[in-house]
Amino acid sequence: MKAPLLGPGNGGGTDDSTVLAAGALVWRVRGDKLQVALVHRPRYKDWSWPKGKLEPGETLVGTAVREVSEETGLEVVLGRPLPSLQYTVGARPKQVHYWAAQPSGRADVALTARSAVPRAGSTEIDDVRWFDADAATRRLTRASDRRLLVALVRAYRDQTLDTRAVAVVRHARARKRAAWSGAEPDRPLTGTGRAQASALVGLLSAFGIARLATSPWARCLATVEPYAQATGLRPDLVAALAENAHAMSPARTAAAVEQLLTAGTDTALCTHRPVLPTVLDVLTTHCPRRVADTLPTTDPFLRPGQVLVTHAVDTPVGTRLVAAQVLGPDT
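Residues numbered from 1 in each chain as written. Predicted model: local features only at pLDDT ≥ 70, side-chain atom pairs only at ≥ 80, totals over all residues. Heavy atoms only, no water.

**Some thoughts on the overall build of the protein**
As a reminder of what qualifies: A run of H or I in DSSP becomes a helix once it reaches four residues, and a run of E becomes a strand once it reaches two; helices and strands are each numbered from the N terminus. Only C-alpha atoms enter the radius of gyration, while the globule expectation follows 2.2 Å times N to the 0.38, with N the number of residues. Under the scheme applied here, a residue whose accessible area is under 20% of the maximum for its type counts as buried, over 50% as exposed, and between as partly exposed, the area being computed with a 1.4 Å probe on protein chains only. The criterion used for residue contact is that any of the two residues' heavy atoms lie within 4.5 Å.
When its secondary structure is counted, the protein shows 10 helices and 13 strands. Relative to the 2.2 N^0.38 estimate, which gives 20 Å for 331 residues, the radius of gyration of the protein is 20 Å and therefore close to what a compact globule would have. For the protein, the proportion of its 331 residues judged to be buried stands at 53%. If you take every contact in the protein between residues at least 6 apart in sequence, the share linking residues at least 24 apart comes to 71%.

Here it is in structure tokens:
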């Protein structure tokens, strides 16, 4: 599915009057039963999903992770996107974007990149409980929240809920070729590019990225460096992701992407615009049509600093991508 996830200043189909918010459906399995975490808000006397409005300078992804932590005390890893909700509050339209999410565990390295979040006070959230999915359907106050649960349960039954992330990063904004007199592999990021690279830390952490693979060229290395420093990860230098190696042998690049996609780890790979068509070709071979149709199809495919986050499941017949979304640099 392709959710409308672009944030302020990123062309998401909203204007300044739209209130943007984000949250997550946090799930686990106990005794072969799907369970979800609900929060109770005494002010509204309702049971709902953890969610909240964007704070100044915040991203949708960052809001979802922060709100879950504030309202439930759980650190989570986001999974596949779920349908967004749109409604009116007073005279203003409101959009709330949701992801499936799991309590952290396998992705502890990603949590080291996050700042501590204080718990919400009891006047905001006075109860947090796990419910079996059937019980949650009855407990949820709003019909729209129940529709989100239907989507989550469907993904669980289809075995497409427990996913891992494979994120394709186009390096952040770099010095223009015409303005750089040094060697092409050494062309550095601009100030804007360095800011974009720093902003990627929260996004990659939100999706539990535990492995970094990158072109060895300077602008790609600089793009993943802030996340590497925040987590202690050492990026894998993959020569086949560089522009010159791709020009010599697209097949070798495709083989390298295939290996990263099927390795079974939450992975981010960073590469260049000319390499993206080959990367996307590999991803498409692992997608059903409805997911393939959501992948970028026209040059430049991703803007500098943007990320294509795909959500993979490993099946007896191989890796399958069940959702994809383009995010960043301010989403």
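Picking up after the structure, the text goes on.
**Focus: the nonpolar core**
Convention followed: For our purposes a nonpolar core is just a set of buried Ala, Val, Leu, Ile, Met, Phe, Trp, Tyr and Cys residues, chained together by side-chain atoms within 4.5 Å.
Core analysis: the biggest nonpolar cluster contains 38 residues, and Leu78, Trp99, Phe207, Ile209, Leu212 and Tyr227 have the highest contact counts within it. Apart from residues lying up to four places away in sequence, Leu78 is in contact with Ala24, Val61, Ala64, Val65, Trp99, Ala100, Ala101, Ala206 and Phe207. Residues Leu269, Val282, Leu295 and Val326 belong to the second largest nonpolar core, which totals 28 residues.

**Comments concerning the pattern of salt bridges**
Keep this limit in mind: The working definition used for a salt bridge is a side-chain nitrogen of Lys or Arg within 4 Å of a carboxyl oxygen of Asp or Glu.
This structure, assessed with the given rule, holds 17 salt bridges. Across the pair Lys33 and Asp132 runs a salt bridge whose closest N-O atoms are separated by 3.8 Å. With Lys33 in strand E2 (residues 33–41) and Asp132 in strand E7 (residues 127–132), this pair connects stretches of sequence that are 99 residues apart. Classification of Lys33 as partly exposed rests on a relative accessible area of 46%. Two residues, Arg187 and Glu184, come together in a salt bridge whose shortest N-O distance is 2.8 Å. Here the residues in one salt-bridge network are Glu55, Glu58, Arg66, Glu67 and Glu70, joined through shared partners.

**Quick look at helix H9 (residues 276–284)**
Restricting attention to buried positions, one finds in H9 the residues Leu276, Thr278, Val279, Leu280, Val282 and Leu283. On the buried face of H9, the contacting elements are strand E8 (164–170), helix H7 (243–248), helix H8 (250–261), strand E11 (267–271), strand E12 (307–315) and strand E13 (318–327).

**Side note on the environment of Ala312**
Inspection of the secondary structure puts Ala312 in strand E12. Sequence separation between Ala312 and Thr262 is 50 residues; the distance between their C-alpha atoms is 8.9 Å. When near neighbours in sequence (up to four residues on either side) are disregarded, Ala312 contacts Asp162, Thr163, Arg164, Thr319, Arg320 and Leu321.

**Re the sheet that holds E12**
Quick note on the threshold: Two strands pair if DSSP finds at least two bridges between them. The axes are straight lines fitted to the C-alpha atoms, using for helices just the contacting stretch, and the angles between their N-to-C directions are given from 0 to 180°.
Overall, mixed pairing links the six strands, which are arranged E10-E9-E11-E8-E12-E13 in an open sheet. This sheet does not close on itself; its edge strands, each paired only once, are strand E10 (236–237) and E13. In the packing of helix H5 (residues 191–206) onto the sheet, contacts are made with E8, strand E9 (211–214), E11, E12 and E13, and the angle to E12 comes to roughly 20°. Contacts between H8 and the sheet are confined to E8, E9, E11 and E13, with E9 contributing the most and set at about 175° to the helix.

**Some details on the packing of H5 against helix H6 (residues 218–231)**
For clarity, the cut-off: Each angle receives one of four descriptions, namely roughly parallel if under 35 degrees, roughly antiparallel if over 145, roughly perpendicular if within 65 to 115, and oblique otherwise. A clockwise turn of the near helix away from the far one marks a right-handed crossing, whereas an anticlockwise turn of less than a right angle marks a left-handed crossing. Side-chain classes follow a simple rule in which Ala, Val, Leu, Ile, Met, Phe, Trp, Tyr, Cys and Pro form the nonpolar group, Asp, Glu, Lys and Arg form the charged group, and the remainder, Gly included, forms the polar group.
Between H5 and H6, whose axes approach to 8 Å, the crossing angle comes to 55°. Between H5 and H6, the angle falls in the class oblique. Here H5 runs over H6; the crossing is right-handed. Contacts between H5 and H6 involve Ala197, Ser198, Leu200, Val201, Leu204 and Ser205 from the first element and Ala222, Thr223, Pro226, Tyr227 and Ala230 from the second. Considering only residue class, the contact of H5 with H6 consists of eight nonpolar, three polar and no charged.

**A word on unusual backbone geometry**
When glycine is set aside, most residues are seen to have a negative phi, and most peptide bonds are trans. Following Asp299, the chain continues to Pro300 via a peptide bond in cis, the omega torsion being 15°. By secondary structure assignment, the location of Pro300 is in the loop between helix H10 (289–292) and E12. Phi is positive for Gln159, which is not a glycine, with a value near 60°. Using a relative accessible area of 68% as the deciding quantity, one classes Gln159 as exposed. Within the chain, Phe301 stands out as a residue other than glycine whose phi angle is a positive 70°. Within the fold, Phe301 resides in the loop between H10 and E12. A relative accessible area of 18% places Phe301 in the buried class.

**Description of the environment of Ala183**
The topology assignment puts Ala183 in the loop between E8 and H5. A relative accessible area of 40% places Ala183 in the partly exposed class. It is 15 Å that separates the C-alpha atoms of Ala183 and Leu221, two residues lying 38 residues apart in sequence.

**Regarding the packing of aromatic side chains**
For clarity, the cut-off: Pairing of aromatic rings covers Phe, Tyr and the six-membered ring of Trp, with a centre-to-centre limit of 6.5 Å; geometry is then stacked below 30 degrees between planes, edge-to-face above 60, and tilted otherwise. The criterion for a charge sitting over a ring is simple: Lys NZ or Arg CZ within 6 Å of the ring centre, and within 35 degrees of the ring normal.
Summed over all chains, the structure comprises one aromatic pair. Summarising the aromatic geometry, the rings of Trp47 and Phe131 are spaced 5.5 Å apart at their centres and angled 85° between planes, so their arrangement reads as edge-to-face. Placement of Trp47 in strand E3 (residues 46–48) and of Phe131 in strand E7 is noted, with a sequence separation of 84 residues between them. Here Trp47 and Phe131 have matching classes, each one buried. Here the basic side chain of Arg139 rests over the ring of Trp47, its NZ or CZ set 5.5 Å away from the ring centre.

Function-wise, these values are silent; they only describe arrangement.
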